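An overview of the molecular structure
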Amino acid sequence: MKATTGSACSRLASNNAWPLPVHCFMHRNGLYMDEATSAMDEEDEATLYQALIDQLPGLSIVSVGHRSSLKRFHPRHVRIENGQLVERTVTA
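None of the values given here were measured: they were computed from a predicted structure.

**Topic: the confidence of the model for the protein**
For the protein, per-residue confidence averages 76 on the pLDDT scale, and residues scoring 70 or more make up 70% of the total. Confidence, read as mean pLDDT per element, is least for strand S1 (residues 4–5) in the protein (44) and greatest for helix H2 (residues 42–55) (90). Predicted confidence for residues 1–8 stays below pLDDT 50, and this span has 15 contacts to residues more than four positions away or in other chains.

**Considerations on H2**
If you check H2, its first and last C-alpha atoms are 20 Å apart, about what 14 residues at 1.5 Å a residue would give, namely 20 Å. Regarding H2, its N-cap is Asp41, as a side-chain oxygen of that residue lies 3.2 Å from the backbone nitrogen of Glu43 further along.

**Re a nonpolar patch on the surface**
A contiguous nonpolar surface patch, about 230 Å² in accessible area, is contributed by Tyr32, Val62 and Val64. Mapped onto the fold, Val62 is located in strand S4 (residues 60–64). By relative accessible area, Val62 is classed as partly exposed at 46%.

**Here we look at a negative patch on the surface**
Together, Asp41, Glu42, Glu43 and Asp44 give the surface a local cluster of negative charge. Relative to the assigned elements, Asp41 resides in the loop between strand S3 (30–34) and H2. Judged by its relative accessible area of 43%, Asp41 is partly exposed.

What counts as what
Residues numbered from 1 in each chain as written. Predicted model: local features only at pLDDT ≥ 70, side-chain atom pairs only at ≥ 80, totals over all residues. Heavy atoms only, no water. pLDDT = per-residue confidence, 0-100. Helix = DSSP H or I, 4+ residues; strand = E, 2+ residues; numbered from the N terminus. Contact = heavy atoms within 4.5 Å. Expected span 1.5 Å × (residues − 1). Polar contact = N/O pair within 3.5 Å; in protein donor to acceptor, adjacent residues only side chain to side chain. Patch = residues over 30% accessible without salt bridge, like charges linked within 9 Å, V, L, I, M, F, W, Y side chains within 5 Å. Areas by Shrake-Rupley, 256 points an atom, 1.4 Å probe, with all protein chains shown as cover. Salt bridge = Lys/Arg side-chain N within 4 Å of Asp/Glu carboxyl O. Buried < 20%, exposed > 50% of the residue type's maximum accessible area, 1.4 Å probe, protein only. Lys, Arg positive; Asp, Glu negative; His and termini not counted. Charge placed at Lys NZ, Arg CZ, Asp CG, Glu CD.

Here it is in structure tokens:
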């Protein structure tokens, strides 16, 4: 499995001058971000996610985070507590 981390993930947002942290992992048409927007305010977070959605159609984004503001950018949500899946939802 060939994957890219670090600099390639940073280039994703280079048009908007946002370096994504190393907590970013790309594989084919997927992007995994672990707390990647935790240092951003919610407005910048929304702008980044919308840019990813608009500029990279078909990209699957998996986000790990604690902010409820991330939910609107993902049609599927899971919540894990103490290593157990406690909630799984799918929105339209």
